[in-house]
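Now for the letters of each chain:
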Amino acid sequence: MFRATLKSLLARKLRLLLSGLAVVLGVMFVSGAFVLTDTLGRSFDAVFADAYEGIDVNVAAKPKVALSETQGEQVPAAVPAATLEQVRAVTGVAEATGVVAADGARLIGSNGKVVTSFGPPQLGENWVGESDLVKLREGREPRAADEIVVNAALAQAAKVKVGDRVGVLTLEPKKEFTLVGIFGYSGDRDSVGGVNEVAFTTPVAQQLMLGERDVFNSITVKAADGVSDTSLRDEVARALGGDYEVKTGAQVSADASAGLKEGLSFFNKILLGFAAVALLVGTFLILNTFSIIVAQRTRELALMRAIGASGKQVIGSVVLEAVAVGLIASVLGLAAGIGVGALLAYLFGTLAGGLSLAGVGVPASAVIGSFAVGLVITVVAALLPALRASRIPPIAAMQDVATPDRPLTKVTVAGGVVTAIGGVLLFLGLSGNAGGSTLATILGGVLFAFIGVALLTPLISRPVVSLLGAVFAWSVPGKLGRLNSGRNPRRTAITAAALMVGIALVTGVTVILDSAKGSISALARDTIKAELVISGAQSGPRPPSFDPAVLEKAAALPGVQLVDGEYGDMATVNGQNTWVSASSDVTALERIFGAKATAGDISRLGPDQMLFSSDSATSRNVSVGSQVTVQLSRGEARTYTVSGIYESSQLTNPVVLPAQAAKSFAIPQPIQGFVQLAPGTRAADVQPQVEALLADSPEVSVADRDAFIAQQTSSLDGLLTMIQILLALAIVIAVLGIINTLALSVLERTRELGLLRAIGLRRAQTMRMITVEAVVISIFGALLGIAVGVGLGAAVVEALKDEGITDLILPWGQMVVFLVLAAIIGVVAAVLPAVRAARINVLGAIAHD
C-alpha cells in the first residue's frame, strides 16, 4: 500500500505541487516573522551592548509619569548635580559622569528642512569627551555656548560640514550654532542604531534638553579595580535611597533592548495574522485538490478495496500524500521565509537610519512553527477527502469514474450553524461583551463567518453561476462554460470561497477605513471653526512643534479674529495616565471647537483650575469643585480645582489645563495652532503671512481647514494600501486554486473534451469554454467576497458609532475594480488549463477510461 501511495503521489506531482504552493506562502510568512524578529532582536541587543559598553553602573531618577510602550515616549526625570557628587563619594566608584541624553534635538539641514527620523531617537547630549566607543573624526569638541558637534550619520543626512552655522530645534525654539566637530564610533560606524546625535556643552544641553541648569538625566559610573558591578550597584543604591533606579550596565542594556523587542512582537503578530489568512485560503485549495483527486481515483481506490485494502489503509494512503505535500511545502516555505525575513530586516535597518544588523539566524521557533503549520494544515485539509475515500465500496470498481452529486442538506445545515456561531461571536466582540478577550472573540467570529459562508455557498452557487454565465451564453463555448461552472456546486463553491476570503477582507477593511475617514472629515468640517491650521506631519515618536511667539504675532495680523495654540502631553491624573491638553486661549474650546458647557464655566481658566470632558469626568467621578492631583512630565505634582465640564466630542481632549501648565509638558511648545478669521477675510490673503511667521519652525506649515483635514486622514490611506498589498497574497493563492481546479477538471473530463472536439468544437472554442468557466467562478468568488466584506465592515462601523464613526461609506469604485480584477484573474488562471485542453489528442481522449 505504501508503494502504491508513492506511485500515486509521483503521478500527480504537478497538481499536488500547486496545492503545496499555498502552504509554502503561508509558511513563508510564519517563518519570515520569526526570522525577522530574531534578527532585529539580536541586532538591538548588540546596539545597546555597544552603547553601554564601559558603563558598570547607571543611575537614573524615576520618571514623573511612567508610560507603557503604547502610551508614548518616556520623559527622563532630572538628577540634581548634587547627586553626582554624592555618587562620586561612594566607596568603589572610580569615575562618575553626569550625562544629558534626551530625545528631541532636531537639526535643520543645509536645505532648510529638519532632518527626520523614522524610529530611532534624535538625541541632544552633553559632550563628555572621547572614549573607546566615541572618536572625533573632524574638528574639535564644543567649548562655547553656541558650538555643537554631531555624529557622522547626521552630518551626512543634513549635508553639513565643520564650520557651518546650523539651526537646532529643542525644548526651545530654533537656535543657531556653529558646527565645530563630527564624531563617529568604533568599527568605523557613523551611528549606533541609526540614532542622530547633537552634542552641546553641558550647561546648554541641560537647558535645551532638560529645561533647567545643574541637572542630568543619568549618571554613568565606572567601578574601581576589584569591585564588581553588582556590589557597586548595591552600594550606590544604598547611598541614594529609593528615589533612583540604580542598575548595572548589563541590566540597562537588556531593559532598553526588551522595550524595543516588545514593539517588534506587535509587528510579529501582524505578520502571523496575514500568515493565518494565507493558510485559511490554502486550506480551501488543498481540500478542493484532494476532493477532486479522490473523485478521479474512485475506480482505483475501489480496486484496492476489492483486493483486500481496508478503509484505514485507504485513509492512510490519502493522509500520507498530504504529509508528503506538507513536508515539502514546509521545507520550501521555511527557506523562502528565511529570505523574506532577511530582506525585511535589511529594509527595516535601512529605514531606521543604518541599523547594523546581526547575522541572519533561524530560531527554533521558525523551524518548529513552519513544520507544525505546514503539516497540520495539509493533513486537516485532506482528512475529509480521506474519510470519503475510505467509504468507497469495492463495487465502484465496475462503475464509471464520475461521482454523483450528493445532496446539500447536511452541508447547508452545518453552514447555517457555523455562520450563526460566527455572528454571535462577532456580536459579543463588537458590543464589548467579550470580557478581556475582545480581539480573540472578533477574530474567532470572522473565522467562523468565513467557514460558514463557504459551507453555505454550494446552495447558491448553481443559480448564481448560471445567472453570471448567461452573460457569455451568446456562443456555444460560452454556453458550455456556463454549464461546466455549475455542474459541481461543491467544487465551484470551494474554489470561489478561496477568492472570497481575500476579497472580503480587503472590502471589509476598506469599508471601515473609508467610513472612519469620511466620519472624521465630516465631523471636523462641521466642528472646527478655524479657516487656517498650523500643524506638521509626525514621522517619529515626537509630534512637530513651533515657536509660541508665532501665536501672538499671528493674532496681530489684519483680519485675524482668534488664534489658539494647542499643547498636549501624557500626565497622571488622580493616579491614572491620561492625555491632557493646554490652550493658549481657552475660549477656543467654545468658539473654535464648538464645545458646550454641561457644568460650571468653560470660558475662562485660572492658573489653579482645570476642565474635564463629560465622559472623562464621569469615569473619574469628578464634578465642578473637585480637587484633582495632576503629575506632569516635569516638575512636582500639583492640585487643580475642576471649574467646568464640557460635552465630550471626538475633537476635544478629555482634560484641559491652564496655559501655564504647558511649561511642564514633555514638549513645552504648541503642537497645533488654529486661526479664526474675521467675517469677510479670505484665508488665501492671511495664509502667506502666517507662513512667513513660521520661517524658524520648519517642522510645521499652515494650511486651510480642508487641507489640514486631508492631511490628518491621509495616514488611513497609507494603512489601507499596506493591508491591500499584504492581502494580495491571499488572492494569489486563490488564483492558484482556480488554476488547480480547472487543471484537474480538464483531466477529469478528458473523454468529454475529446468527444466535443470530435463533433466539431475547435481548439479556440475549447479555450474560450475553459476561460468562461474560470471567469464565472472568479466573479462569483468576488461577489461573495464583496457581500461578506460589506457585511463585516458595516457591523464594525455600527459597533464604532460611539467612537465617532457615524457614517457608513461603501467604496463603490473599489468594488467595481474588484469585479474587474476578478474577471482578469479568471482569464489569467484559465491560460494553462485552456491550452492543455486545446492540445488534447482527440482519438486518445475518446479512448480514455
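Residues numbered from 1 in each chain as written. Predicted model: local features only at pLDDT ≥ 70, side-chain atom pairs only at ≥ 80, totals over all residues. Heavy atoms only, no water.

Focus on the packing of helix H14 (residues 489–527) against helix H21 (residues 763–799)
Line of reasoning, step 1. Direction vectors running N to C along H14 and H21 enclose 35 degrees, while the axes themselves pass 6 Å from each other. Crossing angle aside, the handedness with which H14 passes H21 is right-handed.
Line of reasoning, step 2. Looking at the contact of H14 with H21, its residues break down into 17 nonpolar, ten polar and no charged. (Axes fitted to C-alpha atoms, helices over the stretch in contact; angles between N-to-C directions. Helix = DSSP H or I, 4+ residues; strand = E, 2+ residues; numbered from the N terminus. Left-handed = near helix turned anticlockwise from the far one by under 90°. Nonpolar A, V, L, I, M, F, W, Y, C, P; charged D, E, K, R; others polar.)

Brief notes about the pairing of strand S16 (residues 560–573)
Line of reasoning, step 1. Buried residues dominate S16, accounting for 13 of its 14 residues.
Line of reasoning, step 2. One ladder, built from six bridges, connects S16 with strand S23 (residues 672–677); its direction is antiparallel. By the bridge assignment for S23, Leu562 is matched with Gln676.
Line of reasoning, step 3. Pairing of S16 with strand S17 (residues 576–583) involves eight bridges; the strand directions are antiparallel. When the sheet's bridge partners are listed, Glu566 is paired in S17 with Ser583.
Line of reasoning, step 4. The turn linking S16 back onto S17 is made up of two residues, and Asn574 within it adopts a positive phi angle of 50 degrees. (Buried < 20%, exposed > 50% of the residue type's maximum accessible area, 1.4 Å probe, protein only. Pairing = 2+ DSSP bridges.)

Concerning the nonpolar core
Line of reasoning, step 1. Ranked by size, the top nonpolar core spans 96 residues in total, and within it Phe284, Phe450, Met500, Val501 and Ile770 carry the most contacts.
Line of reasoning, step 2. Core analysis: the second largest hydrophobic core is formed by 44 residues, Val100, Ala158, Val221 and Val236 among them. (Core = buried A, V, L, I, M, F, W, Y, C linked by side-chain atoms within 4.5 Å.)

Considering the side chain of Arg542
Line of reasoning, step 1. When you line up the elements, Arg542 lands in the loop between strand S15 (532–535) and helix H15 (549–555).
Line of reasoning, step 2. Setting aside its immediate chain neighbours within four residues, Arg542 contacts Glu73, Asp103, Gly104, Arg106, Ala666 and Ile667. (Contact = heavy atoms within 4.5 Å.)

Here we look at the pattern of salt bridges
Close approach of charged atoms allows side chains of opposite charge to pair.
Line of reasoning, step 1. Under the counting rule described, the total for this entry stands at 19 salt bridges.
Line of reasoning, step 2. Put simply, Glu636 and Lys64 hold a salt bridge, and the shortest N to O gap is 3.0 Å. With Glu636 in the loop between strand S20 (627–631) and strand S21 (638–646) and Lys64 in the loop between strand S1 (57–61) and strand S2 (79–80), the pair connects residues that are 572 residues apart, well separated along the chain.
Line of reasoning, step 3. Taking the relative accessible area as the measure of exposure, Glu636 reaches 62% and is therefore exposed.
Line of reasoning, step 4. Take Lys64: its relative accessible area is 31%, and that puts it in the partly exposed class.
Line of reasoning, step 5. Among the salt bridges present, the one from Glu235 reaches Arg238, with a minimum N-O distance of 2.6 Å. A residue pair is termed a helical-turn pair when its members lie 3 or 4 positions apart in one helix, as Glu235 and Arg238 do in helix H6 (residues 229–240) at three residues. (Salt bridge = Lys/Arg side-chain N within 4 Å of Asp/Glu carboxyl O.)

Quick notes on the packing of aromatic side chains
For any pair of aromatic rings, the description rests on two quantities: the centre-to-centre distance and the angle between the ring planes.
Line of reasoning, step 1. Under the criterion given, the structure shown has five aromatic pairs.
Line of reasoning, step 2. Ring geometry for Trp127 against Phe183: centres 5.5 Å apart, planes inclined by 55 degrees, an arrangement best described as tilted. With Trp127 in the loop between strand S6 (122–126) and strand S7 (134–139) and Phe183 in strand S10 (residues 175–185), this pair connects stretches of sequence that are 56 residues apart.
Line of reasoning, step 3. According to the relative accessible area criterion, Phe183 is buried, its value standing at 2%.
Line of reasoning, step 4. By the ring-pair criterion, three or more aromatic residues cluster together here, those being Trp127, Phe183 and Tyr185. (Phe/Tyr/Trp six-rings, centres within 6.5 Å; stacked < 30°, edge-to-face > 60°.)

Regarding helix H22 (residues 812–838)
Line of reasoning, step 1. An ideal rise of 1.5 Å per residue puts 39 Å on 27 residues; H22 measures up with 38 Å between its terminal C-alpha atoms.
Line of reasoning, step 2. Its maximal kink placed at Val831, H22 deviates by approximately 45 degrees, while the proline Pro833 follows within four residues.
Line of reasoning, step 3. Residues of H22 that are buried: Met815, Phe818, Ala822, Ile825, Gly826, Ala829, Ala830, Pro833, Ala834, Ala837 and Ala838. (Expected span 1.5 Å × (residues − 1). Bend = angle between axes of the 7 residues up to and from the residue.)

Observations concerning helix H5 (residues 202–210)
Line of reasoning, step 1. If you check which residues of H5 are buried, you get Val204, Ala205, Gln206, Leu208, Met209 and Leu210.
Line of reasoning, step 2. Packing partners of the buried residues in H5 comprise strand S4 (101–103), S6, S10, strand S11 (196–200) and strand S12 (215–216).
Line of reasoning, step 3. A positive phi of about 85 degrees marks Gly211, the residue just after H5.

Focus on the side chain of Ser515
Line of reasoning, step 1. When you line up the elements, Ser515 lands in helix H14.
Line of reasoning, step 2. With relative accessibility at 0%, the residue Ser515 sits in the buried group.
Line of reasoning, step 3. If we skip the residues at most four places from it in the chain, Ser515 touches Val797, Ile805, Asp807, Leu808 and Ile809.

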